[in-house]
Amino acid sequence: MTKLSRRRFLQSSAALAAGSVALPYAALADDDAILVGGLHDLSGGLDTSGIPMNQILNLAIDEINAGGGLLGRPLKPVIYDPQSNMSLYSQYATQLALKDKVAVVHGGITSASRETIRPIFHRFKTLYFYNTLYEGGVCDRNEVTLGTTPAQTVEKLIPYVMNLWGKKVYTVAADYNYGHITAAWFKRYVEENGGEVIETEFFPLDVTQFGSTIAKIQSAAPDIVLSALVGSGHFGFYRQWAAAGMKSRIPMASTTFGAGGSEPIIMTPEEGDGIITSFGYYPTIDTPANIAWKEKIVAAYPDNTPVLSELAEVTWEGMMIWADAVKEAGTLDREPILEVIESGKTYDMPAGKVSIDPKTHHAIRDVYIADLKDHEFIIKEKYSQVQPADTQMVCNLEEDPNANVHHEISLN
Amino acid sequence: MDYAIIVVIEMLRAISWLVLLAAGLGIIFGMMRVINFAHGEFLMLGGYTVIMSTKVGVNIWVAILILAPLCVGLFGVLVERLVIRFLYGRILDSLLATWGLSLLMIGGVTLIFGNTVEGVSTPLGSVDIGAYSIPAYNFVLIGFAALFLLAIWSVLKFTKIGLIARATMQNPAMAEALGVRTTWVYMATFGVGSAVTGLAGGLLAPLTGVVPTMGVNFVGQSFITVITGGASMVAGTLSASTLLGSISQATTIATGPVYGDAALLLAALVLLRLLPQGITGRIFTRSL
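What you see is a predicted model; the values in this text were computed from it and never measured. (Residues numbered from 1 in each chain as written. Chains lettered and ligands numbered in written order. Predicted model: local features only at pLDDT ≥ 70, side-chain atom pairs only at ≥ 80, totals over all residues. Heavy atoms only, no water.)

Some thoughts on the overall build of chain B
Looking only at helices and strands, chain B has 12 helices and 2 strands in total. Taken from N to C terminus, the helices and strands of chain B fall in the order α-α-α-α-β-β-α-α-α-α-α-α-α-α. A globule of 288 residues ought to have a C-alpha radius of gyration of about 19 Å, and chain B, at 19 Å, matches this closely. Principal-axis analysis of the C-alpha atoms gives chain B an extent of 65 × 45 × 35 Å. Counting across all 288 residues of chain B, residues that qualify as buried make up 55%. Sequence-distant contacts in chain B: of pairs separated by 6 or more residues, those separated by 24 or more amount to 77%. (Helix = DSSP H or I, 4+ residues; strand = E, 2+ residues; numbered from the N terminus. Rg over C-alpha atoms; globule rule 2.2 N^0.38 Å. Buried < 20%, exposed > 50% of the residue type's maximum accessible area, 1.4 Å probe, protein only. Contact = heavy atoms within 4.5 Å.)

See the structure below:
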């Protein structure tokens, strides 16, 4: 139900905006279409992330179709809405693999959803692209992982902010595997840079009151607060932090703030300015490629322009890299496509240069550090071609092409 | 010393927080034996009222103190007329119906406003206490919780309306025989309970992000407080909030929020094992 109405809506709005997109699409025979699976939460708690990802996925499909499709055939999206519900994730994944027999699937947002569907696609040999920043550690040749991992963002962010602000760090993080693993990476890089994490506190996702923590932070008097908080409940931390007058006293850095794109827009400048983050993509990247890409999005979605973040941009990369590999391989078969992907090609993307590490199937990519000012992230630093060093510690697909695990990367 | 003052204020804030969360639910449950499973969504509605009205330029205090309770109160009356009144005395049915209502409200608000986090900044800035600083808004929460309880208590104790309400609560048949239109009393009670919940939601809006699904973060704490408190509205809410709030907050300060939550649940568990009717089922039985 949802799948039909939303897809139609997205297609029609895209077609309205760009007639040039609709024409070649109509010219290609539809019954011959290559099916592309999309599995993003379009409702439920994660839809703020899922809807933009889905919009970008559809836009990428339209663009490929406008260029004549792949192998002379048009692409056709098969979109399901798993509603932030893990049992629907496994149901739709099985359906995509066995009933729809799609050529590739893009989707999954949280690690939980990815670990629900990844083994299914692995078993049924359906090529799978996971387009989200996450805690690292997936070792599966069938999956291509394009988002940043902590070794890429945290490693750059920590020395940068320690250099600015000092050595004593207080960590606040979400109480599930992402938060715990990120906090461990915080600690590792803080110590490697000669600093000290004086306290790490974890918060269940439904915690909304941070008064006592803010008092504890004041009493510990760190130089920096590092945040790996997640979700709408934890959003209160930033607000209560500002209300306690702490904004001007202790600076804050994060690898999660604004990950989905919306926090920086909602917070007033007094509350948000000065928070430093690190991601693989920011809408403010000042390159012709990114500016052109953003114009394309606004043209396709004039009324409901998606909030851009790493999630949305990396989804675009996933579609384009897959399409490029299909063109080069000249087939939809998984094995030749994987061989192209493993050949170490470099792709020019709105976020910068991206190549895929054949050992881990993770992206080697540019990483940015940015400072929030007036609702926008001002880019301060760019690091070229950063390796996913964490996953490289535990995964070598060249030695073990049949690997099918999500390693919890131990830092001890 | 400064830290001790901060700790005390934090405890008071935690207690006030539970009072605000539980008061509306307590009024509805205490008087009508209706379990409003959509309580969290009523809070959410109060939050959205504040967000939307401040967006069009309404003063934030007007939005919190007048519009939020008004909107949610009227919505409550509507719900009572359309759904709840057919289900009096059928606790399970009303629970299911209000659960359905909560899903409907989440869906409806998502449809209208989208599922993005919204919010308004916390007003009033910060207050310095020695080397520490805390949001001045904390004192607003504490003040309102106290005012809440005082107001409910005075209305029930000193006014004719309160007397009628209490009569209806204790023996609806007798009240009816004496000429009280109990259906109206129920409607008004549900409306007042909803309004109080709306005010709590409004007060909450500047503290955290407002999303359609936020209710679930609060509904657990509200229910635990009301059930632990027992039948008496004012004494129950106050005693349960004080007990649970200080236990959980002391644990949070000593260890962390995970243990704080666990301590709250554990304390409620032990209490309900010892006092199955809630605190006011055994102690303060004759209080309001």
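Here we look at the sheet that holds strand S4 (residues 127-130) of chain A
All names here are of chain A. With parallel pairing, 5 strands are arranged side by side in an open sheet as S2-S1-S3-S4-S6. Each of the sheet's edge strands pairs with one partner strand only, and the pair in question is strand S2 (75-80) and strand S6 (143-145). Here the average twist between neighbouring strands, direction ignored, is 25°. Pairing of strand S1 (residues 34-39) with strand S3 (residues 104-107) involves 4 bridges; the strand directions are parallel. Across the sheet, Gly37 pairs through a bridge with Val105, a residue of S3. Relative to the sheet, helix H5 (residues 111-123) contacts S1, S3, S4 and S6, its axis offset from that of S4 by approximately 165°. (Pairing = 2+ DSSP bridges. Axes fitted to C-alpha atoms, helices over the stretch in contact; angles between N-to-C directions.)

Quick notes on helix H8 (residues 182-204) of chain B
Its 23 residues give H8(B) an end-to-end C-alpha distance of 33 Å, which sits within 8% of 33 Å, the value for a rise of 1.5 Å per residue. Counting buried positions along H8(B) yields 19 of 23 residues, so the element is predominantly enclosed. (Expected span 1.5 Å × (residues − 1).)

A look at the domain arrangement of chain A
Residues and elements named next belong to chain A. Assigned domains within chain A: domain 1 (6-148 + 285-365 + 386-406) and domain 2 (154-254). Distance between the C-alpha centres of domain 1 and domain 2: 32 Å. Residue-level contacts link 8 residues of domain 1 with 6 residues of domain 2. Both sides together, the interface formed by domain 1 and domain 2 hides about 540 Å², and carbon and sulfur atoms give 70% of it. In this structure, the connection of domain 1 to domain 2 is made through 0 salt bridges. Across the domain 1-domain 2 interface, the total number found is 0 residue pairs in polar contact (both at pLDDT 80 or more). Across the side of domain 1 that touches domain 2, the residue classes break down as 4 nonpolar, 2 polar and 2 charged. (Domains from an automatic or database assignment. Buried area = accessible area lost by both parts, 1.4 Å probe. Salt bridge = Lys/Arg side-chain N within 4 Å of Asp/Glu carboxyl O. Polar contact = N/O pair within 3.5 Å; in protein donor to acceptor, adjacent residues only side chain to side chain. Nonpolar A, V, L, I, M, F, W, Y, C, P; charged D, E, K, R; others polar.)

Topic: the state of the cysteines
All names here are of chain A. Applying the stated criterion across every chain yields a total of 1 disulfide over all chains. The side chain of Cys139 participates in a disulfide bridge whose partner is Cys395; the two sulfur atoms lie 2.0 Å from each other. Between Cys139 and Cys395 the sulfur-sulfur dihedral comes to about 80°; the bridge is accordingly right-handed. Here the residue Cys139 occupies a position in strand S5 (residues 138-140), and Cys395 occupies one in the loop between helix H15 (389-394) and strand S16 (404-406), the gap between them amounting to 256 residues. The two residues Cys139 and Cys395 agree in class, both being buried. (Disulfide = S-S within 2.5 Å.)

A few points about the nonpolar core
By size, the foremost hydrophobic cluster in this structure holds 96 residues, and its most contacted members are Leu39(A), Phe237(A) and Trp322(A). For this core, the element with the highest residue contribution is helix H13 (residues 310-329) of chain A, accounting for 11 residues. Residues Leu21(B), Val34(B), Ala38(B) and Phe190(B) belong to the second largest nonpolar core, which totals 55 residues. (Core = buried A, V, L, I, M, F, W, Y, C linked by side-chain atoms within 4.5 Å.)

Quick word on the interface of chain A and chain B
Each partner contributes residues to the interface: chain A has 32 residues there, and chain B has 38 residues. When the area that chain A buries against chain B is broken down by residue, the three leading residues are Gln209(A), Arg239(A) and Ala243(A), summing to 19%. On the surface where chain A and chain B come into contact, there are 0 salt bridges. The interface formed by chain A and chain B contains 9 residue pairs in polar contact (both at pLDDT 80 or more). Among the elements that line the side of chain A that touches chain B, the one with the most residues is helix H9 (residues 231-243) of chain A, at 7 residues. Looking at the side of chain A that touches chain B residue by residue, the classes come out as 10 nonpolar, 14 polar and 8 charged.

Some points on the packing of aromatic side chains
Counted under the stated rule, the structure contains 19 aromatic pairs over all chains. Centre to centre, the rings of Tyr130(A) and Tyr134(A) are 5.6 Å apart; their planes meet at 80°, and the pair counts as edge-to-face. Both residues of the pair, Tyr130(A) and Tyr134(A), count as buried. Arranged with centres 5.9 Å apart and planes meeting at 75°, the rings of Trp17(B) and Phe218(B) form a pair that is edge-to-face. Of the two residues, Trp17(B) sits in helix H1 (residues 2-32) while Phe218(B) sits in helix H9 (residues 216-229), which places them 201 residues apart along the sequence. Both residues of the pair, Trp17(B) and Phe218(B), count as buried. (Phe/Tyr/Trp six-rings, centres within 6.5 Å; stacked < 30°, edge-to-face > 60°.)

A look at the pattern of salt bridges
Residue and element names in this part refer to chain A. Applying the stated criterion to the full structure yields 22 salt bridges over all chains. Here Asp140 ties to Arg118 by a salt bridge, and the two come within 2.9 Å at their closest N and O atoms. One end of the pair, Asp140, is in strand S5; the other, Arg118, is in helix H5, with 22 residues separating them in the sequence. A residue is classified by how much of its surface remains accessible, and Asp140, at 2% relative accessible area, is buried. For Arg118, a relative accessible area of 3% translates into the label buried. Arg239 serves as the salt-bridge partner of Glu271, at 3.0 Å between the closest nitrogen and oxygen. Here the residue Glu271 occupies a position in helix H11 (residues 269-272), and Arg239 occupies one in helix H9, the gap between them amounting to 32 residues. An identical accessibility class is assigned to Glu271 and Arg239; each is buried.

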